[in-house]
Amino acid sequence: MNKAEAISSQLITELQSLGLRLEDAESGIGVRRGGAGPSDHKAVTIGGKTIMVPIATAGAINSPFVADHPDTQGGSVIRLNGKNIASIAFPRQPRFYGLQTADGVPYSHIATLHAADVLATTVLQSCIRYSNRKKSCQFCAIGQSLDAGRTILRKTPEQLAEVARAAVELDGVKHMVITTGTPNLTDRGAAILCESALAVKAAVDLPIQGQCEPPDDDVWFKRMKAAGIDSLGMHLEAVTPEVRNRIMPGKAGVPLERYMDAFDAAVSVFGRGEVSTYILAGLGDTVEAILSVSKQLIDKGVYPFVVPFIPITGTPLAHYPSPDPRFMQDILQPLGAMLKQAGLRSADMKAGCAKCGACSALSSYEA
Ligand code: SF4
């Protein structure tokens, strides 16, 4: 890694852990709250790469990084201790946000633009566990955007196809993430992903990543692939039993062993490097535990997408701190080397969060 790359990896890691303070909170910059992936994030383009940076979190208020009010083109400057350190740009609102379906549903309530070129949707905006906040994943905000009227409960296959086509044609999106709340303890969302992917693929040629818990029957992997899902995410979130039980008491009922078996079965269908998992660093798992599980995953051909935990306003973990940048570097540096050695590259994936890479500095450590 040369010096310039090292600096930018470090800056991305620090920004994602510490957040960015906006000089003018009323600047009209939209912040994504709730929904797929870590939220209360804002897309920021820095050095040609678009990353998600926490802006609306409790921690970001105390960040040493401050952004100037964006100019009319969305351009701005990050300052640290009064010195300008990087030019940034806040991406413009996508054109497809200006459209709505024939029955009046805004396209932005059906799917949203993530980072620079990813269309993302939470096809089912509810989860069997969410009604009991003691049992649900403590970081999750799946019900919040629904309660706030920013999305709809169930996106139909027809709606998804319509929005996907528009997002490709008007905004040039390159791939799509379809995630879902868990509707049952059998297929765990795989069936909904299948019907969604089928409809999208019939409308537009767009690589799709599906995201769900491991279904009860491995036959679903073949069904998802046949429906047009190119890449699959099954998200561990945390890797040690104590942390899993504390942070996601319901989902921890699916043991790590089941995830590991499901990863093997999924890789045999989707291929090496097309199956991934999200791991939230900073919730209690040690550096060693995350690296050890990541090594097992890489050996299976699974990409461990390790991201810093960012608390979401309104969730039980709203005031839980994000991990220290040093902690993230201690994971991402050796993990990047492991990925490189194994020949697993985020850029080679067809679709999904690890390909997008905006929620973690990990891809910058693969080089
Ligand atoms: S990695 Fe990209 S696609 Fe995944 S949640 Fe983050 S911004 Fe969205």
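Per an unreviewed UniProt entry, the recorded name for the chain is Radical SAM domain protein, and the organism is Methylobacter tundripaludum. Reading the Cofactor (unreviewed entry) entry of the UniProt record for the chain gives the comment "[4Fe-4S] cluster".

Caption draft 1: Main features of the pairing of strand β2 (residues 41–46). Counted residue by residue, β2 has five buried out of six residues, so it is predominantly covered. Summarising the sheet, β2 and strand β3 (residues 49–54) pair through six bridges and their orientation is antiparallel. Across the sheet, residue Lys42 finds its bridge partner in β3, namely Val53. In this antiparallel pair of consecutive strands, β2 and β3, the connection spans two residues, and Gly47 shows a positive phi of 55°. Relative to strand β6 (residues 83–89), β2 is paired through two bridges, and the arrangement is antiparallel.

Caption draft 2: The arrangement of the packing of helix α8 (residues 287–300) against helix α9 (residues 325–342) in detail. The contact between α8 and α9 brings their axes to 10 Å, and the two run at 15°. The pairing of α8 with α9 is recorded here as roughly parallel in orientation. α9 is crossed by α8, and the crossing has right-handed handedness. Contacts between α8 and α9 involve Val287, Ile290, Leu291, Ser294, Lys295 and Ile298 from the former and Phe327, Asp330, Ile331, Pro334, Leu335, Met338, Leu339 and Ala342 from the latter. Grouping the amino acids of the contact of α8 with α9 by side-chain chemistry returns 11 nonpolar, one polar and two charged.

Caption draft 3: Summary view of the pattern of salt bridges. This structure, assessed with the given rule, holds 13 salt bridges. Among the salt bridges present, the one from Lys251 reaches Glu237, with a minimum N-O distance of 2.8 Å. Placement of the pair is Lys251 in the loop between α6 (241–247) and α7 (256–270) and Glu237 in the loop between β11 (231–233) and α6, with a sequence separation of 14 residues. With relative accessibility at 10%, the residue Glu237 sits in the buried group. The shortest N-O distance in the salt bridge between Lys300 and Asp264 comes to 3.1 Å. Remark: Asp264 occurs in helix α7 and Lys300 occurs in helix α8; sequence separation between them is 36 residues. Three or more residues are tied together by salt bridges with common partners; here these are Arg129, Arg188 and Glu213.

Caption draft 4: Examining the sheet that holds strand β10 (residues 208–211) more closely. An order of β7-β8-β9-β10-β11-β12-β13 is seen for the seven strands of this open sheet, with the pairing classed as mixed. The open sheet is flanked by β7 (112–114) and β13 (302–308), the only strands paired with a single partner. Going from strand to strand, the sheet's axes swing by 25° on average, the running direction of each strand aside. With three bridges joining them, β10 and β11 adopt parallel strand pairing. Residue Gly210 lies in a different strand from β11, and its bridge partner there is Leu232. On top of the sheet, α7 reaches β11, β12 (275–281) and β13; it is set at about 135° to β12, its chief contact. Helix-sheet contacts for α8 involve β12 and β13, and the interaxial angle to β13 is about 150°.

Caption draft 5: Expanded view of the side chain of Lys251. The buried category is assigned to Lys251, whose relative accessible area is 7%. The contacts of Lys251, once residues within four sequence positions are left out, are Arg129, Cys137, Glu213, His235, Glu237, Arg244 and Tyr259.

Caption draft 6: Main features of the sheet that holds β6. What the six strands build is an open sheet, ordered β1-β4-β5-β6-β2-β3; its pairing is mixed. The two strands at the open ends of the sheet, each matched to only one other strand, are β1 (21–22) and β3. Where β1 lies against strand β4 (residues 65–67), two bridges are found, and the strand directions are parallel. Each residue of the ladder has a partner; that of Arg21, found in β4, is Val66.

Caption draft 7: Region of the structure containing the site of the ligand. Near the ligand there are 10 residues, and of these Met52, His114, Cys353, Cys356 and Cys359 occur at the shortest range. The class makeup of the residues in the shell around the ligand is eight nonpolar, two polar and no charged.

Caption draft 8: Main features of the packing of aromatic side chains. Applying the stated rule across the entire model yields four aromatic pairs. Ring geometry for Tyr259 versus Phe263: centroids 6.2 Å apart, planes at 50°, classification tilted. Of the two residues, Tyr259 and Phe263 both sit in helix α7, four residues apart, roughly one turn of that helix. For the residue pair Tyr259 and Phe263, the accessibility class agrees, reading buried in each case. The ring of Trp220 carries Arg223 above its face, with NZ or CZ at 4.5 Å from the centroid.

Caption draft 9: Representation of the state of the cysteines. Taken as a whole, this structure holds zero disulfides when the rule is applied. Cysteine Cys137 is unpaired, with the sulfur of Cys140 as its nearest cysteine sulfur at 6.1 Å.

Calculation notes
- Here the residue numbers are simple positions, counted from 1 along each chain's written sequence.
- Confidence filtering applies because this is a predicted model: local features only for residues at pLDDT of at least 70, side-chain atom pairs given and counted only at 80 or more, and all residues used for totals across whole chains, interfaces and linings.
- Based on all heavy atoms of the structure, the side-chain values leave hydrogens and waters out of the count.
- UniProt positions are given in the numbering used here, feature names are shortened, and annotations may be inferred rather than shown by experiment.
- Remark: exposure states derive from per-residue accessible area (1.4 Å probe, protein chains only) relative to the maximum for the residue type, with buried under 20%, exposed over 50%, and partly exposed in between.
- In DSSP terms, a helix is any run of H or I states spanning at least four residues, a strand is any run of E spanning at least two, and both are numbered starting from the N terminus.
- A pair of strands is treated as paired once DSSP finds two or more bridges between them.
- Here an axis means a line fitted to C-alpha atoms, over the contact stretch when the element is a helix, while the angle between two N-to-C directions is reported on a 0 to 180 degree scale.
- We call two directions roughly parallel when the angle between them is under 35 degrees, roughly antiparallel when it is over 145, roughly perpendicular when it lies between 65 and 115, and oblique otherwise.
- If you view the pair so one helix is near and one far, a crossing is left-handed when the near helix is turned anticlockwise from the far one by less than a right angle, and right-handed when it is turned clockwise.
- Any two residues whose heavy atoms approach within 4.5 Å at even a single point are treated as in contact.
- Residues are grouped as follows: Ala, Val, Leu, Ile, Met, Phe, Trp, Tyr, Cys and Pro are nonpolar; Asp, Glu, Lys and Arg are charged; all remaining types, including Gly, are polar.
- When a carboxyl oxygen of Asp or Glu is within 4 Å of a side-chain nitrogen of Lys or Arg, the pair counts as a salt bridge.
- We call a residue near a molecule or strand when any one of its heavy atoms sits within 4 Å of it.
- Think of it this way: a Phe, Tyr or Trp ring, Trp meaning its six-membered ring, pairs with another when their centres are within 6.5 Å, and the plane angle makes it stacked under 30 degrees, edge-to-face over 60, tilted otherwise.
- When the NZ atom of lysine or the CZ atom of arginine is within 6 Å of a ring's centre and also within 35 degrees of its normal, the charge is said to sit over that ring.
- In plain terms, two cysteine sulfur atoms within 2.5 Å form what is called a disulfide here.

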